[in-house]
Every structure is written in C-alpha cells, then in structure tokens.
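As a plain string of letters, each chain reads:
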Amino acid sequence: MRSSAWFVASCALILCTLGLIDGAKGQRQCSETDYYYEYTECDSTGSRWRVAIPQRTGACTGLPEPVRGTECTFSCEAGEFLEMSAQECTQCAAGSYSLGSGIRFDQWDSMPAGFSSLATSLENSPREDDRPTCNSSSWLPQGNYLESNRDECTVSLIYAVHLKKQGSVSFEYQYPDNNLLFEFFIQNDQCQEMDQSTDTKWLKLTNHGEWATHTVNLKSGTNILYWRTGGMLMGTKVVKPVLLKNVQIEGVAYTSECFPCKPGTFSRVPGSSTCEPCPRDTYSGHGASSCTPCNTTTQYAAEGSAVCKDRPPCSKKDYFQIHTACDHEGKTQVIYKWIEPKICLEGVTGAEPLRPSGAREPCPPCNPGFYNNDTATCSPCPPGTYSDGEKPCMQCPAGTEPTLGYEYKWWNILPVNMKTSCFNVGNSKCDSMNGWEVAGNHIQSGAGSSDNDYLILNIHVPGFKLPTSMSGHSGTEFGRITFEFETLCTADCELYFMMDVNRKSTTVVESWEKSKTRQTYTHVMTKNASVSYTWAFQRTNQPSDVRRYVNDVACIYSIKVSNAVDGVSSGCRACALSTQPSSSTCVPCPPGHYIDTLTSQCTECPRNTYLVSHATPGPEACKPCGPGSKSDKDHTYCYSDCDFTHTEGNVTLTFDFSVLGSVGSLMNGPSFTSKGTKYFHEFNISLCGGQGQLAVCTDNVTDLSITDSQREKGEGANSVKTFICQSTIIPASGRGFHTALSSQSINLADTFLGATVDNTLDGIRARPELYPQTSKKVPDVNFYYRSFEATSSCDSGRSAVVTLRCNPEKSTKGELSVPSQCPAGTCDGCTFHFLWESSGACPTCTERDYHRIEGACKRGHQDLLYVWTEPKLCVGGVTLPEKKTLPCEGMEFWIRLGAGLGAFTAVLLVSLTCYFWKKNKRLEYKYSRLVMSANKECEMPGADSCAVMEGENEGDMEDEVVYTKPSLLGKLKAIASKGNGEKYENVQLNSSHSKALVWS
C-alpha cells in the first residue's frame, strides 16, 4: 500500500514537471524591467535573501537566482538609497532626497499611499434612530498639511509600518482647541496597544498658529500608528481642527529608492536629505533640481510655490496705515504703506493708488510711568519716581511708595516689552511684517497674508512684586491685567486671550466671537510666576489664501498690568512707616493689617473681615464677611466653619454641617450634544473650611506636564482649585478611549459670600421654587458663592447657591442634585443652583425635640420613657434621657379608699334625709292642730276681732310668722331634750302688734 502511494506521487510530480517545461517553451528571457528585488524576512540568525519578484507573473522566464542579502540591521546614510542590484548605497540624484533609514510624508495634495482615514459612528446616542452618521467625517488633505474633522465623530488616521530595527516617528501638529480630543497611540500586529506614557499618548495644546513637534520611539516589527480625534461640541461655537504635517518615520532599515522633491521645493546637489523651498517669486514642479523665476512684472509667487500667480490690481486691502515716531519737534503723522511683499499692480484699470500721508500732528503724551526728556522719545522714570506721562518724573512724598506695573493707553510706538507676529495656518509665519499695528489711541490687528492668519500680540511679565506694605500677605492676588477692546467683524472672526505660566502650556483664558462693543476685561493672577499674555485674532476659521475680510479688525485701547516686577511707576501708594521716630522707611505690614492713613501705621482688620489687597489704604480696605461666615486669621478670605445658627421668635436652631464632609461631588447627566455625544458634568463643591479644603477639578487630557499627585492637588496649569468647579467627563465607552476623559475644567465660584435662610444675598437670588418643599418645620440654609472674573456671557462673573435641606430619609453625606428644569445646573449660564439633601443638614437636637411618656403603675412602680418627636428633624446634640422608674400607689388602694368614702357618704345622706323627713312631719302635725284650736272660741281667749276692721292698716294688722333656724348646737340640745322625756315644743303666737310668730 505504501509503495503504491509512492508510485502515484512520483508519477504526478513527473507530469507536473513536464507540464512546466512545456509551458515555458516560447517565453522570452526576463530583462531588468520585468522584475524588482525584495528582501525576505530575517531568519533567526539575522540573515535574509534577495529575491527577484516579477512585475507580472508568467510574463518571462529566467529570473535571477536568490542571493544572500545584507544584514537585517544594514541601512544607508541620509541622502543615499540601497541599489538592490549591487546591494550598495548610492547617492540620490539632484531633485530627490532620502532619509537613509527613514521615510517622510510632507506632501498632502492627496492621501499618501498607506494612509487611511476611519470614522467611528457615535454609540452614545439616546436613541439609535437619531444616531448621526460619520460617513463624511475624515482627515482631509490641504496641500501642505492634513486637517482633522470638526464634528463629534471619532476619526482615526492610520498608517502601518514594519521596522527592521528600533526607530521613531515624529510629526508636526497644531492643536489649539480643547473642544477636540487628540491622541496618538501605537498598536502591534495583534491590535494590542503598546505601552505608552500619558505625555506621549495625549497631545499638548499649542498656541494659535504655532506648530509643535511630537516624537515617539518605535519598536522593531510591525507598528500601526493611530492619530485619533473626537469632538465634544456643547454649543454653537465652531471647533478648530487639528492640523498635521511632516510625518517622518525612522527605522525602516533601508530605502530602495529616493523620493522626488514635491512641487515648490528643490534639491540642487546629489545626495540631499531634504528639499529646500523655492524662494519668493520662483516656482518648481515635481522632482525639481532648481526653481524657475516668475515674470515679476505681471506675476508673483510666495515662498515654496508650485506655480506663479497673476498680480491683481491694487486696492484698499493692499496697504495699511502706521503712525510715525515723534520727531524732534514733537510731531507725528499717519502714513500709508504697501503690505509687503507687494503683490498688486499700480497704474492698471481698477487699481487704487496709495493714499497720501496725513498732516503732521502733535504727538500724544507718554504713557504713565514714562516721561519725555526732549528727545522726541518717551523714557521710563528712574526707580523710586513716578509720572502720569504728561509731567516730569517726581519723587513720591514721605509715607508713600511708587506703584509698579504697566499702563499703555497711547500707541504711537509698540512698547519694548510687547511683540507682534503673524502665523499662517499652513506655514510657520505670515508674509506680512506685523500682526498688529499702532494707531495713536489704540492698537489694531494688521492685514496679514490671508483671512485665516492668526495675528498675535504678546506681552511678557517676568514676575510680580507686591507693594512693600503688602509683601507679608499670603493673599490669593499677586497682580491683575485689565484691557479695553472692541471687535468689528462681518465674518466669523474670533479674538482669543491666552496666558502661558512659566512657559509650560498656553491656555485660553477667554475668547470673543464676531463683533463686540467696546468693553473691559480683567484677569487676576493668583500666583507669583512668569507669565506671557497673548492676544490672537483670526478673521475666519475657514481655509483661505486671500484677504477678503481685511476690514474686520480687533482694537485694543488700553492694557494695564499691576505689580509687575519690571514695571514703571505711574503714581504713589501710601505705605506703613517704621515705628522709629522720624523714620520715613516703608515697612511691610503683618498679614491682615491695613495702613492707617492718619498714622501711617499698620492696623489689624476687625474680626470677621477680610483685606482687599488692591483697595485704597484705610479702614475701607477691610470688608466684612457675610452672614454665617468668618475670616481666617490672616484676614485673606471668608469661609464657613460649618456651624450655623438661626433664631426665629423664641426658638433657636443650631446646625453642624461638618458631618456632610469638606467637599461634595455631583456627577450630573448623562447629557447629549446635538449630534449624540454622551457627556457628564461633574461638580465639586467645598462647603466648609478654608483654602486647605477647596474643591479641585482636573484635566487629564491636555495637562500633561505634571504628575498625578500634583494634578490631585490642583497644581496643574489647567487644574482648577476653588470653592465650586465643574469638569466635563466623557465616558470611555462608545468613543474608543480606554479611560474616562476629564476636560474643560472651569471655576464657578472662588469667593464665599455667606450662609443664610434668606433667599437673596448680595444680588444673588436662591430659587426655592426650583425644588419642591417637603417640610417647612426646618428652613433651608442657602450658601452663596461668587466668582468675580467676568466671562463673555457673564459680565459680572458666575455665582452659585447651594441649598442645604434637612431630610431625615437621606444619609449623613446626603445627596446633591440640580433642578430638573435646569439639568446643567444653571438656567441662564451664570447662576448655578444645587440642592444638598441630607440628614446631616438637620439642626442639632435639643430638649424640645423629645417628649415624656408615663407608664402604668405596676406593683408600686412606674416607668418614665423619653422618645423623639416624630418626624425626627434633628441630628446630634442632646441624647435621649435614660428610662426612669419611680415609686407609686397602686389602683387597688385608691379603689378601696374610694369605696369606703362612698359608702360612708351614702349612709350619712340617708340618715340625714330620714331625720329631716320625720321632723318635717311633726311640724306639719303641730301646725294643723294649732290652726284647728285657734278656730274654737270657747277653748281659748278670743281675739277682739278676727276680721280686719274698716280703717285699720292691713299691713299693721297682719300677723307674721318668724322662723328661727336653730344652730347645730341647738339641734343637739333638742335631741337631748327629747331624750329627757319632753314631748312638746313651745310655739309663741304673737298678735299683729308683736309683728311675728316665732317657731323654735
């Protein structure tokens, strides 16, 4: 059986061989154009083979035999490529370049080979039918760069590369808007994400218009690179996309060909590792070794152009105005200049000539802190002196010190500590010279080279220095910047105000869209650090290479920075003097002390007041704390110590809110954006305590320069540490992220105003109608907070009200909630309302909160019990008294006593009744006999007349019967006389003259 199977297999092999021989008959021999070389995979010994791969299978015969290749780690130098026939490194020809062991992607007219864009549909929509489609969301090539999506879809840019050795990937990007989430990560061929640190996974925010470089090391083998973006749109604000360019990958071990220079660039000599951009007014095509000049009479070309463009007729958009510096006569004038480089044509049909210069006018005065020394320039006042800009510098009077800072309100020249620039979205810098232009009483945005340029104005403050008298204070304000501005726009312009603390990360403090009337904005610096303040103006967010909205401008009228360490002095401030006699030296005041202007001495603020650091010296600098609050020992802020007392009538309620905890948290939601992205709002609230117990909101996406411990303490540039703060949380599910993302942390309240049962405090109104009231026996306690920092939508800053409600059914920690009518916590965007229901919000228990119950007397003992009055609306405080047992008389004793007294009373009443009844009968009998005997004439002496005679007074004649009530002693005598045998009573009958008849 085995031998027969071997015979069949041998026959089949012979037949196949004969068939291949017959098929090869008539085919031509392969030439070098019919195949190309590739290396096999490296074996375990690090070796590989070079094999020939036909361009088209079966087209020819006689392919070269495989030969042993170079080592797997072999690579050529930059500017060389591996010529596979000879397996030797060869220089690239002019017009091309090579990275040696790397590849570069810098041309984005279309998506390069190997790149793909994958959009993920949103999975968090509340209803699947409403789930938006993401088919149209992708990374878009824009010539010099790639542009990400602007919506909420999660879009990944993917590129797979196989490295023969360890390498790296680097790329340039712009990431100005944290409403988009931008991450870069790497997977292996098993689709497992490779280990990355947080700072390599999440990209840092960049300044508007500036490009940043990001580099990550790669392991040998297959690396799948992901650039992923996902939007988080919670309003109508337009999101700025992520831009990506110059992707370079090292570690591919060899390059078998050179890359031609892209249009607009060239390489002049062989062996180039890069291509240079063509100079201005020249152009080049694909793979050029030199650039071709344009006909500059009628054409122009920007640096790095692939074609020449025709020059348009000159118009108002092609020139700008400037104010000349003051001359020796103290005069200045407005002159007009062409925007450089000049690309328009004069003297042609439709061209507008350059406007003539204006008349010479007197120069404006110097800015405060500077003086004019008759040299036509303004110089800073020497240290220790001051000036308002119009007068010479003067010494400060005794008892005062100069105030340091900057105050710019005249713009004849750009101040020395300010810089202006222009950044184009696709290029590093604009073609125009200046981003902002001085204009006398204001500074305004320049023309730029296109409408989507970022026009940058920057001022750097190396640090802050408090006045001498305030240097010992540990307050939260070291300085402040105030500026007055205005925007006039017809397109979707936007003005950004940003700051960079200690050159770590630039954050957007505030932004304003479209036209805004003239207004003032103030930002308080809460720590002493080096800071750069930046204004960036962009006319439109849409890609543009023309100047269509050149008349859309942003104007800044004044900028004032207080307490700048390198500032000048525009005035003097009262200071505290030393206690030594005739001393004029300013000394620092202890924390919480103000300067008494009458004595120039430090005086401590009264109890429960806080010191306003930027206020005028005097008692008015100490502001009283609100109701239910107290100040810290340094009088720097007011806070609640969790103890609150409310008196109504003769009843006093005492509250202890410390059981609620120092910080409460509320995860509100979920909410959904207009396109279905699910997100939560997390609120952190510091109810009681001082600066050491503030709430912290962190940003775990864009704040990557600090450690986790620093982030928890609120020490990051994008962390917020305050009384009430808010973060936006995006869950990991449905977006492809591996962890929940926290971003857009904002400060809702940094000042505690007070706690009261009233519904209004300092212009802030609590709205009890937003929460259904369950019981009115215990009033709600309202905690009022405010943030005085104005925003674009809240001119007076944000405010918050936390309502504490006693609810015995809740736990001690309680439950935080927001009004159902305002699920975001606010109904107007400026005032936030929170309800904190807890049993810990009930008042402290007192004796009036329980009552006594008396038990039955059993066996001579009675129990006294004490129970809480239901419903129990108190916590802590007094405890219930212990059960008491008291001696008592039983019911049997009282029943027997009552029965005996009742029987005695009944016998006595019966005896008395019988006695008086019998006596009454005797009296009736005697009376009737007396009457009968009186009618017999013979038996008794008769009266003179029994009738009333005429003329007699009837009243005088009438006989009277007088009853004399015997006393108790008389009754006893009568009873005794009966006992002696006397059977009769004496009855006296009186005539009419005696007036009475007495019975006894």
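What counts, and where the lines are drawn
- Residues numbered from 1 in each chain as written.
- Predicted model: local features only at pLDDT ≥ 70, side-chain atom pairs only at ≥ 80, totals over all residues.
- Heavy atoms only, no water.
- Helix = DSSP H or I, 4+ residues; strand = E, 2+ residues; numbered from the N terminus.
- Buried < 20%, exposed > 50% of the residue type's maximum accessible area, 1.4 Å probe, protein only.
- Contact = heavy atoms within 4.5 Å.
- Areas by Shrake-Rupley, 256 points an atom, 1.4 Å probe, with all protein chains shown as cover.
- Disulfide = S-S within 2.5 Å.
- Polar contact = N/O pair within 3.5 Å; in protein donor to acceptor, adjacent residues only side chain to side chain.
- Pairing = 2+ DSSP bridges.
- 1 Å grid on protein atoms, 1.4 Å probe; cavity = no way out; pocket = protein on both sides within 12 Å on 5 of 7 lines; lining within 4 Å.
- Points joined across faces, edges and corners; volume = space filled by probe spheres on them.
- Nonpolar A, V, L, I, M, F, W, Y, C, P; charged D, E, K, R; others polar.
- Axes fitted to C-alpha atoms, helices over the stretch in contact; angles between N-to-C directions.

## Description of the overall build of the chain
Move 1: Of the regular secondary structure elements, the chain holds six helices and 72 strands.
Move 2: Out of the 1000 residues in the chain, the part that is buried amounts to 43%.
Move 3: A sequence separation of at least 24 residues applies to 66% of the contacts in the chain between residues at least 6 apart.
Move 4: Element-wise, carbon and sulfur atoms account for 52% of the exposed surface of the chain, whose accessible area totals about 52,600 Å².

## Quick notes on the state of the cysteines
Move 1: Enumeration over the complete set of coordinates arrives at 22 disulfides.
Move 2: The disulfide that involves cysteine 261 links it to cysteine 275, with 1.9 Å between the sulfurs. Because the sign of the S-S torsion sets the handedness, a value of about -75° for the bond joining cysteine 261 and cysteine 275 places this disulfide among the left-handed ones. With cysteine 261 in the loop between strand S17 (259-260) and strand S18 (265-266) and cysteine 275 in the loop between S18 and strand S19 (276-277), this residue pair connects regions lying 14 residues apart in the sequence.
Move 3: Overall, the relative accessible area of 0% leaves cysteine 261 in the buried class.
Move 4: Each disulfide pairs two cysteine sulfurs, and for cysteine 806 the partner residue is cysteine 842, the sulfurs being separated by 1.9 Å. Taking the torsion about the sulfur-sulfur bond, which here is approximately 85°, the covalent link between cysteine 806 and cysteine 842 counts as right-handed.

## Here's the deal with the environment of aspartate 492
Move 1: Summarising the element assignment, aspartate 492 is placed in the loop between strand S37 (479-488) and strand S38 (494-501).
Move 2: A relative accessible area of 29% places aspartate 492 in the partly exposed class.
Move 3: Aspartate 492 has contacts with Gln538, Arg539, Thr540, Asn541 and Gln542, leaving out every residue within four places of it along the chain.

## As for the side chain of asparagine 223
Move 1: Note on placement: asparagine 223 falls in strand S15 (residues 221-231).
Move 2: At 2.7 Å, the side chain of asparagine 223 and the backbone oxygen of lysine 219 are in polar contact.
Move 3: Setting aside chain neighbours within four positions, we find asparagine 223 in contact with Tyr159, Ala160, Val161, Leu163, Ile186, Gln187, Met194 and Leu218.

## Structural notes on the pairing of strand S46 (residues 593-596)
Move 1: Note that S46 and strand S47 (residues 601-604) share four bridges and pair antiparallel. Each bridged residue has a counterpart across the sheet, and for aspartate 596 the counterpart in S47 is glutamine 601.
Move 2: Linking S46 to S47, which pair antiparallel, is a turn of four residues; within it serine 600 sits at a positive phi near 55°.

## Considerations on empty space enclosed by the protein
Move 1: Evaluation of the coordinates by the stated rule reveals five cavities of 30 Å³ or more.
Move 2: What lines the largest cavity is a set of 15 residues, and nearest its centre among them are Pro241, Leu243, Val425, Tyr454 and Asn541.
Move 3: Across the lining of the largest cavity, the residue classes tally to seven nonpolar, five polar and three charged.
Move 4: There is about 70 Å³ of room inside the second largest cavity.

## Description of the sheet that holds S38
In a beta sheet, neighbouring strands are held together by backbone hydrogen bonds and run either parallel or antiparallel to one another.
Move 1: Taken in spatial order, the five strands of this open sheet run S33-S36-S41-S38-S39, and their pairing is antiparallel. Of all the strands in the sheet, just strand S33 (418-423) and strand S39 (506-513) have a single pairing partner and so form its edges. Put simply, the sheet's adjacent strands are angled 20° from each other on average, direction ignored.
Move 2: Sheet analysis places S33 next to strand S36 (residues 454-461), joined by six bridges and oriented antiparallel.

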